[in-house]
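One letter stands for each residue in the lines below.
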Amino acid sequence: MRTRIHLTIAAAVTVTLLAASASHGITVLFLGNNGTPTSGADDSVIAHLQARYGVANVTYKQTSAANNTTDLIGVDVLVTSSTTGSGNIRNKYHDSAVGIVNWEEAVMDSGGGEFGMSSVGMTKSTTTTQLTIDLAHPITQGFAGTIDFAGSGETLNSSSLAGDTFSLASATNGTGAGNSAIFAVETGGAVGTSSPAEGRRVAFPITDNTFHTLTNEGKQLFVQSVDWAADAQGKGFVAPTT
């Protein structure tokens, strides 16, 4: 009887561990400026990613030291911070088959080796605190109308999207009000000069330090952007409950 009980307990523990592993089954590579995530709000970003996907499944690397082929093996989604210089991203990841969430504004437009999602240079705003949801989509699931996005800090928006890029949320107030703020393109969609997109792409409208000021709604839009870029739903990802 005792042996059977021990086996039952062991089986239950195994099931619990497998469930926990399944709930954090998305692998993330996060690229930032420094050797450790200490530049801008990178420390807050990686803590948020680890809380959702598991510490073991989130890797940080200095962008200038990252390899755009070997470092992406086994990675579900690449997250690129604006704390690094655009030259460390340009011509390296635009043709990657891995999904990407990016907030380095200088590679969002249609120059050579860039993501080609905006047909114009990005507008920066220090007065945009709200976004208006433009489209029902997995990234905007649970949101509608106008939401509070950030308490302060710099945000981004585009007055003209390229190719098959679609707007998910627009700036409600501040500089560039009405312009697209969160936008994305599906794998195979037409984009600027590097058409077509080799993987899912999401442009997230923050800069170096803005993540510190995001509201809960803003942070939820962020992780849902990462989920979608990684095809988390298709891979059976179950978000942890809080």
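Residues numbered from 1 in each chain as written. Predicted model: local features only at pLDDT ≥ 70, side-chain atom pairs only at ≥ 80, totals over all residues. Heavy atoms only, no water.

Caption draft 1: Spotlight on the packing of aromatic side chains. Applying the stated criterion across every chain, the model contains eight aromatic pairs. With centroids separated by 5.5 Å and ring planes inclined at 65°, the aromatic side chains of F204 and F222 adopt a geometry described as edge-to-face. Of the two residues, F204 sits in the loop between β11 (201-203) and α3 (216-229) while F222 sits in helix α3, which places them 18 residues apart along the sequence. Comparing F204 with F222, the two get one shared label, buried. (Phe/Tyr/Trp six-rings, centres within 6.5 Å; stacked < 30°, edge-to-face > 60°. Helix = DSSP H or I, 4+ residues; strand = E, 2+ residues; numbered from the N terminus. Buried < 20%, exposed > 50% of the residue type's maximum accessible area, 1.4 Å probe, protein only.)

Caption draft 2: Summary view of the pairing of strand β2 (residues 58-62). Where strand β1 (residues 28-32) lies against β2, five bridges are found, and the strand directions are parallel. Following the sheet pairing, L31 is matched in β2 by K61. The handedness of the β1 to β2 crossover, carried by helix α2 (residues 42-53), is right-handed. (Pairing = 2+ DSSP bridges. Right-handed = clockwise from strand over helix to strand, strands pointing away.)

Caption draft 3: Just the environment of G35, in detail. For G35, the location among the structural elements is in the loop between β1 and α2. Since its relative accessible area comes to 52%, G35 is described here as exposed.

Caption draft 4: Main features of unusual backbone geometry. Even without being a glycine, N91 presents a positive backbone phi close to 65°. Mapping N91 onto the fold places it in the loop between β3 (77-80) and β4 (99-102). The backbone of D231 shows a phi angle near 55°, a positive value even though the residue is not glycine. Tracing the chain through its elements places D231 in the segment after α3. The partly exposed category is assigned to D231, whose relative accessible area is 32%.

Caption draft 5: Quick peek at the nonpolar core. Residues L49, Y53, F204 and F222 are the most contacted members of the largest nonpolar core, which totals 40 residues. The element that contributes the greatest number of residues to this core is α3, accounting for six residues. L72, V75, L78 and V107 belong to the second largest nonpolar core, which has 21 residues in total. (Core = buried A, V, L, I, M, F, W, Y, C linked by side-chain atoms within 4.5 Å.)

Caption draft 6: Broad picture of the packing of α2 against α3. One way to put it is that α2 packs onto α3 with a least axis distance of 11 Å and a crossing angle of 65°. The two elements α2 and α3 cross, and the hand of that crossing is right-handed. Where α2 abuts α3, its residues V45, H48, L49, R52 and Y53 lie against K219, F222, V223, V226 and D227. Its residues placed into classes, the contact of α2 with α3 shows six nonpolar, one polar and three charged. (Axes fitted to C-alpha atoms, helices over the stretch in contact; angles between N-to-C directions. Left-handed = near helix turned anticlockwise from the far one by under 90°. Contact = heavy atoms within 4.5 Å. Nonpolar A, V, L, I, M, F, W, Y, C, P; charged D, E, K, R; others polar.)

Caption draft 7: Representation of the sheet that holds strand β6 (residues 130-133) within the structure. An order of β2-β1-β3-β4-β11-β10-β9-β6-β7 is seen for the nine strands of this open sheet, with the pairing classed as mixed. The sheet is open, and its two borders are formed by β2 and β7 (146-148), each paired with just one other strand. Within this sheet the neighbouring strands show an average axis-to-axis angle of 20°, counted without direction. The pairing of β3 with β4 spans four bridges and is parallel. Counted as the bridge partner of L78 is I100 from β4. In the packing of α2 onto the sheet, contacts are made with β1 and β2, and the angle to β1 comes to roughly 175°. This element, α3, spans β3, β4, β7, β9 (166-171), β10 (180-185) and β11 of the sheet and lies at about 155° to β4.

Caption draft 8: Spotlight on α2. Relative to the 16 Å expected for 12 residues at 1.5 Å per residue, α2 spans 16 Å between its end C-alpha atoms, a close match to the ideal helical length. Within α2, the full set of buried residues consists of D42, V45, I46, L49, R52 and Y53. Seen end-on, α2 carries its buried residues on one side only, within an arc spanning 130°. G54 sits one or two positions beyond α2 and adopts a positive phi of about 100°. (Expected span 1.5 Å × (residues − 1). Arc of directions from axis to C-beta.)

Caption draft 9: Spotlight on the layout of surface pockets. If you add up the space inside the largest pocket, you get close to 260 Å³. In this structure, the largest pocket is lined by 13 residues; those nearest its centre are P138, Q141, D227, W228 and Q233. Examining the composition of the lining of the largest pocket, we find that four residues originate from one element, α3, more than from any other. Here the residues of the lining of the largest pocket sort into five nonpolar, four polar and four charged. (1 Å grid on protein atoms, 1.4 Å probe; cavity = no way out; pocket = protein on both sides within 12 Å on 5 of 7 lines; lining within 4 Å. Points joined across faces, edges and corners; volume = space filled by probe spheres on them.)

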